[in-house]
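Architecture and fold: a report
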Amino acid sequence: MKPPLRRLLLLLLLLTLFIIVCYGQDYDDGGGDDVKPAAPPPAQEDCNGIFLSYTFISREKELPKVKNVSAQAWAFRSVATILNAGSEELKSWKMYIGFQHDEILVSADGAVLMDGGDFPVAVGNGTYLSGNPMTDLKTSIDTAGDYEQIQAKVEMKGTMFGLRPKAIPMPKTIRLENDGYKCPAPRRHGTSAMYVCCKRDPKLKLKKTKKIKFLPRQNGDLSFSYDVLQAYGGSYLAQVTIDNNNPLGRLDHWNLTWEWMRGEFIYTMRGAYTHRKDPSECIYGPAGNYYKDLDFSQVMNCQKKPIISDLPAEKAEDEKVGKLPYCCRNGSLLPPLMDESKARSIFQLQVYKLPPDMNRTALNPPQKWQILGVLNPNYKCGPPIRVDPTEFPDPSGLQATSSAIASWQVVCNITRPKIKQSRCCVSFSAYYNDSVVPCNTCSCGCEDMDTNTCNPNAQALLLPAEALLVPFANRTDKAKAWAKLKHTPVPKTLPCPDNCGVSLNWHINADYKSGWTARITLFNWQGFSFEDWFAAIQMKKAYPGYENVYSFNGTRLPELNNTLFFQGLPGLNYLVAETNGSNPKSDPRVPGKQQSVVSFTKKQTPGINIQRGDGFPTKVFFNGEECELPTHFPIGNSGHKSSFSLVVVLLISALTFLVMTD
């Protein structure tokens, strides 16, 4: 090889080595291993508040694959982000996403459903999400722009229906649900993203309060306080306080459920118990791997979703599981109006934790709280919100207070039952019409019935008055005979029953010149009694004329939409269970029954027309549950007036009371 060529090859080799060394050099720019984040979108840069975004990622057809476009299911993935771009910390963030394509949300990593529900859940009418585990968003100022502390991301998976393959499904809207913020309509970014910047509402005048570290306590129909009383490295002692705040709210034999999110389990309890005690879920799980020397046979509950109930009254003084104030009421929570001391319940639990939460400050309350009663309102519960530590009287008896280590509040509100999903119903009758308008067909649902043998959508047949005293199964012949007598048609497939455990009858008893009377009758078709029962009646036009109820205790509640509150007199506060007839082989079962006459004056209600329906209630509640009302009233002749006088009414009331107390 010639020398010039040899020198040229040597020069190329040296140049190549120089380039490799240059590219391999690690220059220190002062940032260590940190990578400079990508520039945020311009809209985010201009936001001086809370920046929300929703981005659709992908979707693909699910099985089964069908030709009908509207019936084809698609699996979708999307992500929502919420960024604190303002100067105030955002506590317990809440977000609404207005889904509109019959979506079923299967998972949402980084958030939980605000109503305490579980996945999968139908969200075709929109859904509310709250942060978990990241509930609070700090400011960029306080964190030097650390996105890990100022931004939350929610990665969602689900199923949707009814879109063509090339369509991009987007929600109607997104917005922040925290109090005091106002959001404009969101803007689109391309075809698969939308965003909105929410700011403090300038018109909202906030009360001047002292600056606190946590959110103030909220008002609700029912509230829980989850207070950590003692904290150790691997466990803590918590106290749960349930307060009934609604004057018409109530729970009987309550069952409480929640979900542990970080592998916790209940070691012991006082004032309540769990329905299942099975140590195998701990032994063969992460708890068993970590607590190798723990005797799990003594553990109260290892379930991720335990079911918790109140203890019976006989356990109140038990040294091991009782001895707590407000405990051991057999699951009864009365309205404060009836007895304020019975509107609260308390229990305690010892909770064991798992790594990485093995220090005394790593405290996480359970999520997805739900509580149910036997025949009570439906409650929807929000997520636990960190509040200022609860203060308690000092156990020493001195005039001092002690504080919980940490406290969370869960607020629940009563939801109105959907049509045909109530648990009690009402029938209407009147002296001017001998037919009773019964409870609606399937008032309390027909899910467990064979609807091939009855019609769940047919209107209930009119009944003679005596048919109200027998179970539905024994009314068929009476209803058919009555229809024949009144010349009303009988469908080939008869209506299904109302399926309600409790029914109420409101009967217009008399209508005279100066007033009128009604009779209310409660029927218990259940196999158990109701102690300390109550009924609440809302009336629009007739309420101002209310005078008295003669066999119950009656209270006016004008602040609650003109409500009359009835409860049993002392010694008559039991609505007994259904019992066998005199001859069980031939006689139908007999419901438990309570009854009273209610009198009204017309002096305060000029122009009231009883026969046109003004004497019937607009809403009826039994033990807090809203009962389903008939769709129409008994029809009367306008010239048909009762010859009853108030004296006769009082005599009937007195006789009714004597019969009931005999």
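My aim in this report is to walk through the structure given alongside it, one point at a time. Bear in mind that the values here come from a model prediction, so they are computed numbers and not experimental data.

1. Focus on the overall build of the chain
A tally of helices and strands in the chain yields 8 helices and 38 strands. Partitioning the contacts of the chain with sequence separation of at least 6, the portion at a separation of at least 24 is 70%. Roughly 35300 Å² of accessible area belongs to the chain as shown, and the carbon and sulfur atoms make up 53% of that amount.

2. Some remarks on helix H7 (residues 476-486)
All of the buried residues in H7 are Ala-479, Trp-482 and Ala-483. Angularly, the buried residues of H7 cover 100 degrees about the axis, an arc narrow enough to put them on a single face. Relative to its buried face, H7 has exposed residues pointing more than 90 degrees away, namely Asp-477, Lys-484 and Leu-485. As for H7, its buried residues are in contact with strand E27 (433-437). Just downstream of H7 lies His-487, where phi reads positive at about 60 degrees.

3. Side note on the packing of aromatic side chains
Throughout the structure, instances matching the rule amount to 31 aromatic pairs. Between Trp-258 and Trp-369, the aromatic rings sit 4.8 Å apart at their centres with planes inclined by 55 degrees, giving tilted as the arrangement. Pair noted here: Trp-258 is in strand E15 (residues 255-259) and Trp-369 is in strand E20 (residues 367-372), with a separation of 111 residues, a long-range link. The exposure classification of Trp-258 matches that of Trp-369, with both residues buried. Both rings, one in Phe-265 and one in Phe-296, keep their centres 5.9 Å apart while their planes meet at 55 degrees; by these two values the pair is tilted. Remark: Phe-296 occurs in the loop between helix H6 (286-290) and strand E18 (307-310) and Phe-265 occurs in strand E16 (residues 265-270); sequence separation between them is 31 residues.

4. Things to note about the environment of Leu-129
Looking at the element boundaries, Leu-129 is found in strand E7 (residues 127-131). Taking the C-alpha atoms as reference points, Leu-129 and Lys-94, 35 residues apart in sequence, are found 5.7 Å from one another. Look past the residues within four positions of Leu-129 in its chain and what remains in contact with it is Trp-93, Lys-94, Met-95, Ile-97, Ala-111, Val-112, Leu-113, Met-114, Val-154 and Met-156.

Cut-offs applied
Residues numbered from 1 in each chain as written. Predicted model: local features only at pLDDT ≥ 70, side-chain atom pairs only at ≥ 80, totals over all residues. Heavy atoms only, no water. Helix = DSSP H or I, 4+ residues; strand = E, 2+ residues; numbered from the N terminus. Contact = heavy atoms within 4.5 Å. Areas by Shrake-Rupley, 256 points an atom, 1.4 Å probe, with all protein chains shown as cover. Buried < 20%, exposed > 50% of the residue type's maximum accessible area, 1.4 Å probe, protein only. Arc of directions from axis to C-beta. Phe/Tyr/Trp six-rings, centres within 6.5 Å; stacked < 30°, edge-to-face > 60°.

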